[in-house]
Structure formats: structure tokens, C-alpha cells
Amino acid sequence: MAVTLINPDALPQIDVYHHVAVASGAKTIYLAGQVAWDAEPDLAVQTEQAYVNVHTALQAAGASFKDLVRVRVYVVGWTPDKMPELLKGIENAMTRVGEVAKPPATLIGVATLDVPEHLVEIEATAVID
């Protein structure tokens, strides 16, 4: 396996991501930010579709969620009260594709994305042998 995920004991134990990814593979895959085109204006729905799109892009490169080493999630108008909807979308996507993704992750609140209808954008990096 090209990616080992670690949660050091001295750091807070977070359920939805790992703090460290150690990659030993030879091929790095960089995904453009994925959004939910033509989706309703709902954070959970758009997050689910964006993660499914990440999975689809990874598969095209011969990878899967287990190969992720980094995820960045950009959310329009982020406030902490949006976390349940974001997590619902992530969980729904993982159920839909039958894989779990918990690589190191960064959540960034932004004023806007490429078009006003997009509420979330997800970019990712993976490594495979």
C-alpha cells in the first residue's frame, strides 16, 4: 500500500480525518477542485456529489479513496453550524461509492467559488505505486 495514515497519540484524535499521511508510491495524482454541477443549493447534496466526483477522477487515474494523501475542502460562507451538513454529505458519498476517505484534510471558508451556485469545492492529492 502506497499510503499509510497516522494519528499521533499526542494530537487530538479526530474521527473524520488523519493528521498524517506517509506516501511511498511512485505516482502522484493531483485532482482539480471538484464541484457539484447542476446540483440543488444544498451543502450536503453538493458535498456528496463533489466527493463522488473525486472518487470518479481517482478511478480514472487508477486510484481510490485509500490512496488519498491530502484533501482540501472549500466551503462558501463557512460557519461551524454548517459542519453537520458537510459531514452528512461526506458520509453519503462514502456510502454511495463503498469506500472511506480519511486523509489529512483542511477546511477553508471562502466568500465565493467559480459560480454562485457552487457551495463547496474539493481538491485532492493521491499517491499510488
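Calculation criteria
Residues numbered from 1 in each chain as written. Predicted model: local features only at pLDDT ≥ 70, side-chain atom pairs only at ≥ 80, totals over all residues. Heavy atoms only, no water. Salt bridge = Lys/Arg side-chain N within 4 Å of Asp/Glu carboxyl O. Helix = DSSP H or I, 4+ residues; strand = E, 2+ residues; numbered from the N terminus. Buried < 20%, exposed > 50% of the residue type's maximum accessible area, 1.4 Å probe, protein only. Expected span 1.5 Å × (residues − 1). Contact = heavy atoms within 4.5 Å. Polar contact = N/O pair within 3.5 Å; in protein donor to acceptor, adjacent residues only side chain to side chain.

A.B. asks: Got a minute to help me understand the pattern of salt bridges in this structure?
C.D. replies: Applying the stated criterion to the full structure yields three salt bridges. R96 is the salt-bridge partner of E48, the closest N and O atoms lying 3.2 Å from each other. Linking E48 in helix α1 (residues 43-60) with R96 in helix α2 (residues 83-97), this pair joins segments that are 48 residues apart in sequence. Overall, R96 belongs to the partly exposed group, its relative accessible area being 47%. D67 serves as the salt-bridge partner of K66, at 3.4 Å between the closest nitrogen and oxygen. Using a relative accessible area of 47% as the deciding quantity, one classes K66 as partly exposed. D67 gets classed as buried once you look at its relative accessible area, which sits at 5%.

A.B. asks: Looking at this structure, how should I read α1?
C.D. replies: An α-helical segment advances 3.6 residues per turn. Residues three or four places apart therefore align on the same side. Helix length check: α1, at 18 residues, gives a terminal C-alpha distance of 26 Å against a target of 26 Å (1.5 Å per residue), a fit within 8%. Buried residues along α1 sit in contact with β3 (27-34), β4 (68-76), α2 and β6 (120-128). Capping the start of α1, D42 holds a side-chain oxygen 3.1 Å from the backbone nitrogen of A44, two or three residues further along. Residue G62 follows α1 closely and has a positive phi angle near 85°.

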